[in-house]
Amino acid sequence: MRRDVLTGEYFTEGDIACAEGAIAAGCRFFAGYPITPSSELAEHMAARLPEVDGVFIQMEDELGSMAAIIGASWTGVKAMTATSGPGFSLMQENIGLAVMTETPCVIVNIMRGGPSTGQPTKSGQQDVMQTRWGSHGDYEIIALCPSSVQEMFDLTIEAFNLSETYRVPVVVLGDEIIGHLTEKLVIPNPEEIQVVERRKPLERGNYSPFSFNPEDVPPMACFGEGFRVYATGLTHDERGKPNMSPETQTKLVKYLCDKIRENTDKIVKYKEFMVDDADLAIVTYGSPVRTALSAVKKGRKEGLKIGLLKLSVLWPFPEKAVKRVSDMVDEILVLEMNYGQILREVERIAGLGRVRFFPKFGEDLHKPSEILKFISRCGK
Amino acid sequence: MNGLIEAGVTHPLDKYLRREMIPHIWCTGCGNGVLLNCFIRALRELNLDMDKIVVVSGIGCIGRISGYVNLDSFHTTHGRPIAFATGVKLANPELQVVVISGDGDLFAIGGNHFIHAARRNMDLLVICANNFNYGMTGGQYGPTTPLTARTMTSPYGNIEHPFNLVHLAWASGAVYVARWTAVHVTRLTESIKKALGKKGFRFIEVITPCPEIYGRYNRMGNALEIMKWLRENSVIQHFTDPSKVDIEIGRKIVVGEFVDKEKPVFTDLIADLKRKVKDRLEAESKRTLTKI
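Everything numeric in this text was worked out from a predicted model, so none of it was measured. (Residues numbered from 1 in each chain as written. Chains lettered and ligands numbered in written order. Predicted model: local features only at pLDDT ≥ 70, side-chain atom pairs only at ≥ 80, totals over all residues. Heavy atoms only, no water.)

**Student:** Give a detailed account of the overall build of chain B, specifying residues and quantitative values.
**Tutor:** Along chain B, the regular secondary structure elements total eleven helices and ten strands. Its C-alpha radius of gyration of 20 Å places chain B within 12% of the 19 Å reference for a compact globule of 292 residues. Overall size of chain B, expressed as C-alpha extent along the three principal axes, is 75 × 50 × 30 Å. Looking at chain B residue by residue over its 292 residues, the buried ones come to 57%. At a minimum sequence separation of 6, the contacts of chain B that also span at least 24 residues come to 68%. (Helix = DSSP H or I, 4+ residues; strand = E, 2+ residues; numbered from the N terminus. Rg over C-alpha atoms; globule rule 2.2 N^0.38 Å. Buried < 20%, exposed > 50% of the residue type's maximum accessible area, 1.4 Å probe, protein only. Contact = heavy atoms within 4.5 Å.)

Laid out in structure tokens, this is it:
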């Protein structure tokens, strides 16, 4: 029997669904440092990885965890780490290294309230912009945002697939509510799970480990395969050789950004609920999707023409989806558990003045009744 | 040198270097070249499979070494080569993983990774080029700068106590600890060979001259004079008590081997753990999530 895909129906929590999604996607290396509310994920990986010939290591800090998964990835193994806000801050340094060296890897951030130590055991969504801009320099990154236990499983597989396809670190942005929520999880049969394997170079002769062409993300030779690859965090040419010229810097930075930007349509995921005839659309992501959907259903019964746009990919930002919805409705309401992060992106697309904002600062979700009350005040 | 290459003149060590990366960036008289030389000579003398060796370096002058060796190699962020190398070794225990980096990289910004990799007995060889200062950034004091030494950030003399790296490695659990200088070319090469033949966390400190920066601020003379000084001011005393080999101005530098022992290696312990789990699973008929 297969021990990597535990096909069946379960009643389990988001952190564990995420770990199982990673293993089903082929992850065989996990390095992490304990932190609430993501520790259950590490605990589950510690139990499960040895069963599938994988390795779990608890590192001395998140700086080391992030460095270790990049090392494992360059040695040909799909690798992941998991953390929460304070640890995610420490990982930013080497997330930049993973971007620069085009290293596939997955970082799970089960968000809690901040800043600083903040609310370790409570939920928040305050790391959205840190995910996008947290490491220094110009870059693009992919971030997926689950709002159910099932999505923790499904989107973690997607995270590994995107990471291998575009050779980029991918962040799964969960939050404490989704991480600790227990509900139904269906793990499908292995043959129903689509897994992207790493592309390997065919010949050693003229192999370039890196690229300047966003249409052509190169295959990745790994340590021990005889290619004698060299990678550096310095600005480099396609062969990996450090090169400080403005031409090389321009080509490299454009490529690192454009390989994501130009593939935005292939990467983004979102869901629309009842937006076609709506006067007002709620735009949200993560756990607030759950109460927002209740509010939409309840509001519709009361005759309110409201709909919902759920963003499952936050970065690259699904501009077209937001534009399409904003063109259909009079008003947009952004719900998030921070003081206005995705709000800025939505305002950039929909225009200032048409976008309302209902923040929560951490811990509690927007209750459906609160959302409807807020909407009833919007029109006045 | 380029003229020689064009003329087709070869050297027995050529295959260990990436020709396209040469000339290197190091200053004339820098000890890093000696260290690189000793390292690739050790590889040649052991006739190791070059496809199974990985060199990982951090940031600083010696950090560029990963680009010069014709091996799988990675130039990581500042302080992180040991953590990166840990991921490499665990992902493929068949690889011989060597970290070569500087005193600031390994013991200031990366100090935490050093002590924990040593504690775990991670199967890595770590070679530290100790030039007593941050050379690449222009010569600031670091964790190994001797007391009273002058640097750009200790213009009145260093008032911080330095690490005794031999003692630190011993206390952290390294199974092999040695210290040499750039004048001990044969002994250093033999030491690298010996360390490559051992398993577990192995550490070699190499005192490297920095004539252009640290040497200049401390009026140590030119590169040749510093090499002569190192020869006259170092003494081989194998297995001296590690706590007694601090490097102090006005005192001879004690070099030699200080630790050479065996203890269970992390990668072997992981392999044992996997075997146990596999046996347990084979005894069970079906594994599901709910059983965890």
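Next comes the rest of the write-up.
**Student:** Help me get a handle on the overall build of chain A, residues and values and all.
**Tutor:** Looking only at helices and strands, one finds 13 helices and 16 strands in chain A. Relative to a compact globule of 380 residues, whose C-alpha radius of gyration would be 21 Å, chain A shows 21 Å and is just as compact. Overall, chain A is about 70 × 50 × 40 Å in size when its C-alpha atoms are taken along their principal axes. Within chain A, the proportion of its 380 residues that are buried is 65%. Pairs at least 24 residues apart make up 76% of the contacts formed inside chain A by residues separated by at least 6 positions. For chain A, the computed accessible surface area is about 13,800 Å², with 50% contributed by carbon and sulfur atoms. Placing the 43 positive and 52 negative side-chain charges of chain A at their respective mean positions leaves the two points 3 Å apart. (Areas by Shrake-Rupley, 256 points an atom, 1.4 Å probe, with all protein chains shown as cover. Lys, Arg positive; Asp, Glu negative; His and termini not counted. Charge placed at Lys NZ, Arg CZ, Asp CG, Glu CD.)

**Student:** Give me the pairing of strand E4 (residues 79-83) of chain A: which residues, what numbers.
**Tutor:** All names here are of chain A. A large share of E4 lies buried, amounting to five of its five residues. Residues Ala 79, Thr 81 and Thr 83 of E4 are buried on one face, and the alternating residues Met 80 and Ala 82, pointing to the opposite face, are buried as well. Strand direction decides the pairing type here: E4 and strand E5 (residues 105-113), joined by four bridges, are parallel. Its bridge partner being in E5, Met 80 is matched across the sheet by Val 106. (Pairing = 2+ DSSP bridges.)

**Student:** Lay out the interface of chain A and chain B in plain terms, naming residues and giving numbers.
**Tutor:** Of the residues lining the interface, 54 residues belong to chain A; the matching set on chain B comes to 49 residues. Where chain A abuts chain B, roughly 4,000 Å² becomes buried across the two surfaces, and 63% of that area is made up of carbon and sulfur atoms. Looking only at chain A, the three residues that lose the most surface to chain B are Glu 60, Arg 228 and Tyr 230 of chain A, adding up to 19% of its buried area. Applying the counting rule to chain A against chain B returns five salt bridges. (Buried area = accessible area lost by both parts, 1.4 Å probe. Salt bridge = Lys/Arg side-chain N within 4 Å of Asp/Glu carboxyl O.)

**Student:** If you had to explain the pattern of salt bridges to someone new, which residues and values would you point to?
**Tutor:** Counted according to the given criterion, the structure contains 43 salt bridges over all chains. Note that Asp 364 of chain A and Lys 360 of chain A form a salt bridge whose closest N and O atoms lie 3.2 Å from each other. Note on Asp 364 of chain A: relative accessible area 35%, which makes it partly exposed. Classification of Lys 360 of chain A by relative accessible area gives buried; the value is 10%. Of the charged contacts, one joins Arg 179 of chain B and Glu 205 of chain B as a salt bridge, the two residues approaching to 2.9 Å between their closest N and O atoms. Linking Arg 179 of chain B in strand E7 (residues 176-181) with Glu 205 of chain B in strand E8 (residues 202-207), this pair joins segments that are 26 residues apart in sequence. With a relative accessible area of 1%, Arg 179 of chain B lands in the buried category.

**Student:** Lay out the sheet that holds strand E16 (residues 355-359) of chain A with the relevant residues and their values.
**Tutor:** Residues and elements named next belong to chain A. Spatial strand order, E11-E13-E12-E15-E16: five strands in an open sheet with mixed pairing. The sheet terminates laterally at strand E11 (270-273) and E16, the two strands that pair on one side only. For this sheet, the mean inter-axis angle between neighbouring strands, taken without regard to orientation, is 20°. Here strand E12 (residues 280-284) pairs with strand E13 (residues 306-311) via five bridges, running parallel. Paired with Val 283 across the two strands is Leu 309, which belongs to E13. Against the sheet, helix H12 (residues 342-350) engages E12, E13, strand E15 (331-336) and E16, with an angle of about 165° to E15. (Axes fitted to C-alpha atoms, helices over the stretch in contact; angles between N-to-C directions.)

**Student:** Give a detailed account of the environment of Cys 128 of chain B, specifying residues and quantitative values.
**Tutor:** All names here are of chain B. Assignment of secondary structure puts Cys 128 in strand E4 (residues 125-130). Remark: the alpha-carbon pair of Cys 128 and Leu 4, spanning 124 residues in sequence, is separated by 32 Å. In contact with Cys 128, not counting residues within four places along its chain, are Ser 101, Gly 102, Asp 103, Leu 106, Phe 107, Leu 165, Phe 203, Ile 204, Glu 205 and Val 206.

**Student:** Give me the side chain of Asn 338 of chain A: which residues, what numbers.
**Tutor:** Residue and element names in this part refer to chain A. Tracing the backbone through its elements, the reader meets Asn 338 in the loop between E15 and H12. Reaching out from Asn 338, the side chain makes a polar contact with the side chain of Glu 336 at a distance of 3.1 Å. Contact partners of Asn 338, with chain neighbours within four places excluded, come to Gln 125, Gln 126, Val 128, Tyr 285, Phe 357, Pro 359 and Lys 360. (Polar contact = N/O pair within 3.5 Å; in protein donor to acceptor, adjacent residues only side chain to side chain.)

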